[in-house]
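# Per-entry structural report
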Amino acid sequence: MILLNMQQIKSEIGAFQHVEAREIGASEQSQTLDIAPSSARIVRAELVRELWSDDDPFKYTNTKDVDDAYPHTNIRESHIEAILQVQEDMLFWLEVGSMLGGSAIRTARVVKQKQMDALSIICIDPFTGDVNMWAWERNLKEQNQFRFLKLEHGAPTIYSRFMANVYANHAHDTIMPIVASSIVGMKLLERLLSEGRLHSRPDVLFLDSAHEADETFMELQHAWSLLRTGGVLLGDDWSWSSVSNDVRRFANGVDNIDTEKLNKVKSLIHGEFDGAVLVVDGIWYLAKR
Ligand SMILES: C[S@@+](CC[C@H](N)C(=O)[O-])C[C@H]1O[C@@H](n2cnc3c(N)ncnc32)[C@H](O)[C@@H]1O
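Note that the structure is a prediction, hence the values are computed from the model and not measured.

### Things to note about the pairing of strand β5 (residues 232-235)
- Judged by which residues are buried, β5 turns out to be covered on both faces: V232 and L234 on one side and L233 and G235 on the other are all buried.
- Pairing of strand β4 (residues 204-207) with β5, which is carried by 4 bridges, proceeds in the parallel orientation. From the neighbouring strand, L205 faces β5, where its bridge partner is L233.
- The handedness of the β4 to β5 crossover, carried by helix α8 (residues 215-226), is right-handed.
- Sheet analysis places β5 next to strand β8 (residues 283-287), joined by 4 bridges and oriented antiparallel. Within β8, the residue paired with G235 across the bridge is W284.

### Looking at the environment of T107
- Relative to the elements of secondary structure, T107 occurs in helix α4 (residues 102-113).
- Considering only alpha carbons, one finds T107 and L84, 23 residues apart in sequence, at a separation of 9.9 Å.
- Setting aside residues no more than four positions away along its own chain, T107 makes contact with I80, W93 and I121.

### A few points about helix α2 (residues 42-52)
- Those residues of α2 that fall on the buried side of the exposure criterion are I42, V43, R44, A45, E46, L47 and V48.
- Of the residues flanking the end of α2, it is S53, one or two places downstream, whose phi is positive at about 50°.

### Overview of the site of the ligand
- Around the ligand, the structure places 23 residues, and the nearest of them are G97, G102, S103, S182 and S209.
- Grouping the amino acids of the shell around the ligand by side-chain chemistry returns 9 nonpolar, 11 polar and 3 charged.

### Focus: the nonpolar core
- I122, V166, I175, L205, A223, L233 and Y285 are the most contacted members of the largest nonpolar core, which has 68 residues in total.
- Residue contributions to this core peak at 6 residues, all from helix α6 (residues 158-168).
- Residue contacts for L233: discarding those within four places in its chain leaves L205, L207, A223, W224, L227, L286 and K288.

Reading the values: the criteria
Residues numbered from 1 in each chain as written. Predicted model: local features only at pLDDT ≥ 70, side-chain atom pairs only at ≥ 80, totals over all residues. Buried ≥ 20, exposed ≤ 12 C-beta atoms within 10 Å, placed from the backbone. Helix = DSSP H or I, 4+ residues; strand = E, 2+ residues; numbered from the N terminus. Pairing = 2+ DSSP bridges. Right-handed = clockwise from strand over helix to strand, strands pointing away. Contact = placed C-beta atoms within 7 Å. Near = placed C-beta within 6 Å. Nonpolar A, V, L, I, M, F, W, Y, C, P; charged D, E, K, R; others polar. Core = buried A, V, L, I, M, F, W, Y, C linked by C-beta atoms within 7 Å.

Quick look at the structure:
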């Protein structure tokens, strides 16, 4: 039954097979890229159609913006592999909070190694940084250190660096960003689902976004209801009390946590339970029944 639906969806979006490069006029400053994402990654293809009218944002990547200096990508390949092992028939990995693409690119690498040709990685982020990043920017600039925001003309350049990094790592056929806050992005996906414009809920949701108390709690509420039944919700930075307090509070208030699935993850990558939450190397996990 699921296969039949996938076939129907694939034929609907056959037009995605190849994204043509735009004709370049002599006066234009930059050339658009010729990219060819696969129509097999159904979620990515549906979103390109529904949100960008088939005009794939990666065509406009400026390859000069590559920046691989971000130091805080904590999710490990072993974590990603464990999740891919406990989930079946995966189509949709949603990441909320992507920064320069470190975790998404790492995920894409594992997905490709495992030849999971139908899985899309969608990244929701306004690409405007968090409170610390703004507060630290001036000092970091003065000390000539890595700058999170790298402000140009008053605005962060995170998005263009994300796009260039994803492209440089050949992951643009798998990854697609939605430039929106966590709540706007997750509400948008709910809306597209309810309007029949998107056909899959996330199988996995990796939350690494606001890190603010209460805001994280709201993100968890939206993430949990967006996630498919049987899905895995995980996130970074358990060591931040703003994060762990909200995750604990959230986990205590829901009655559909799949402890059996979390135990399967634990058998693969160890870690410890904090109440209903599995914590492994600073990454926290919940599974939805
Ligand atoms: C810690 S970084 C993400 C790192 C990335 N996941 C990695 O491991 O490489 C946090 C990101 O969250 C984003 N962010 C901050 N507030 C957000 C919000 N309310 N909604 C979505 N993203 C947010 C920031 O723009 C930043 O890119």
